[in-house]
Amino acid sequence: QVQLVESGGGLVQPGGSLRLSCVANGITADYTAMGWFRQAPGKEREGVSCISRRDDTTVYGDSVKGGRFTISRDDAKNTVYLQMNSLKPEDTAVYYCAASKAWRSDCRSGVGYGTWGQGTQVTVSG
């Protein structure tokens, strides 16, 4: 049983930064990818960024392209990070960490990601 625990959310002003962490307790080598997803009230779940556990390939959702967000991984700590800079009010959402053991997964929809954390709230407000 893999358990994902997110942390690092909070309240930040527009233009500020946060770093989210996801500790993947009990994760094994057959998990192929990790990802960050978010869901705001009244909106569908959105893929933010995903990273391969095999070759470090990364992808970013359309809403965060342009270098604002960076996903990274520390295998020694079983941890995935999401560095968020230049935050905007529209980034406000519950952010979820997820893990995939599928050979193919979809960072946009979350298909293939079978294990999810409880979420951490990010609020960007002046």
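Residues numbered from 1 in each chain as written. Predicted model: local features only at pLDDT ≥ 70, side-chain atom pairs only at ≥ 80, totals over all residues. Heavy atoms only, no water.

Caption draft 1: Structural detail: the environment of Ser105. Tracing the chain through its elements places Ser105 in the loop between β9 (93-100) and β10 (113-116). The exposure class of Ser105 is partly exposed, given its relative accessible area of 34%. With 85 residues separating them along the chain, Ser105 and Leu20 place their C-alpha atoms 22 Å apart. In contact with Ser105, not counting residues within four places along its chain, are Ala33, Ser100, Val111, Gly112 and Tyr113. (Helix = DSSP H or I, 4+ residues; strand = E, 2+ residues; numbered from the N terminus. Buried < 20%, exposed > 50% of the residue type's maximum accessible area, 1.4 Å probe, protein only. Contact = heavy atoms within 4.5 Å.)

Caption draft 2: Spotlight on empty space enclosed by the protein. Inspection of the entire model under this criterion finds one cavity of 30 Å³ or more. Of the voids in this model, the largest cavity is the one considered here, and its volume is about 50 Å³. Arg38, Gln39, Ala40, Lys43, Glu44, Glu46, Glu90, Thr92 and Ala93 together form the lining of the largest cavity. Taken together, the residues of the lining of the largest cavity sort by class into two nonpolar, two polar and five charged. (1 Å grid on protein atoms, 1.4 Å probe; cavity = no way out; pocket = protein on both sides within 12 Å on 5 of 7 lines; lining within 4 Å. Points joined across faces, edges and corners; volume = space filled by probe spheres on them. Nonpolar A, V, L, I, M, F, W, Y, C, P; charged D, E, K, R; others polar.)

Caption draft 3: Summary view of the nonpolar core. In this structure, Leu4, Met34, Trp36, Phe69, Leu82, Met84 and Tyr95 are the most contacted members of the largest nonpolar core, which totals 27 residues. Of all elements in the fold, only β3 (18-25), β4 (33-39), β5 (46-52), β7 (69-74), β8 (79-84), β9 and β11 (120-124) reach the threshold of two or more residues within this core. (Core = buried A, V, L, I, M, F, W, Y, C linked by side-chain atoms within 4.5 Å.)

Caption draft 4: A look at the pattern of salt bridges. On inspection of all chains with the given rule, the structure shows eight salt bridges. The residue Asp56 makes a salt bridge to Arg73 at a minimum N-O spacing of 2.7 Å. Separated by 17 residues along the polypeptide, Asp56 in the loop between β5 and β6 (58-60) and Arg73 in strand β7 bring together distant segments of the chain. The partner of Asp62 in a salt bridge is Lys65, with the nearest N and O atoms 3.2 Å apart. (Salt bridge = Lys/Arg side-chain N within 4 Å of Asp/Glu carboxyl O.)

Caption draft 5: Representation of the packing of aromatic side chains in the model. All told, the structure shown has two aromatic pairs when counted by the stated rule. For the ring pair Phe37 and Tyr113, a centre distance of 5.2 Å and an interplane angle of 70° mean the geometry is edge-to-face. With Phe37 in strand β4 and Tyr113 in strand β10, this pair connects stretches of sequence that are 76 residues apart. For Phe37, a relative accessible area of 0% gives the class buried. Between Phe37 and Trp116, the ring centres sit 4.9 Å apart and the planes meet at 50°, which makes this aromatic pair tilted. Of this pair, Phe37 sits in strand β4 while Trp116 is found in strand β10, placing the two residues 79 residues apart along the sequence. Pairwise contacts between aromatic rings join Phe37, Tyr113 and Trp116 into one cluster. Over the aromatic face of Phe37 sits the side chain of Arg45, whose NZ or CZ is 5.9 Å from the ring centroid. A cation over a ring is seen here: Arg104 above Trp103, with NZ or CZ 4.5 Å from the ring centre. (Phe/Tyr/Trp six-rings, centres within 6.5 Å; stacked < 30°, edge-to-face > 60°. Lys NZ or Arg CZ within 6 Å of the ring centre and 35° of its normal.)

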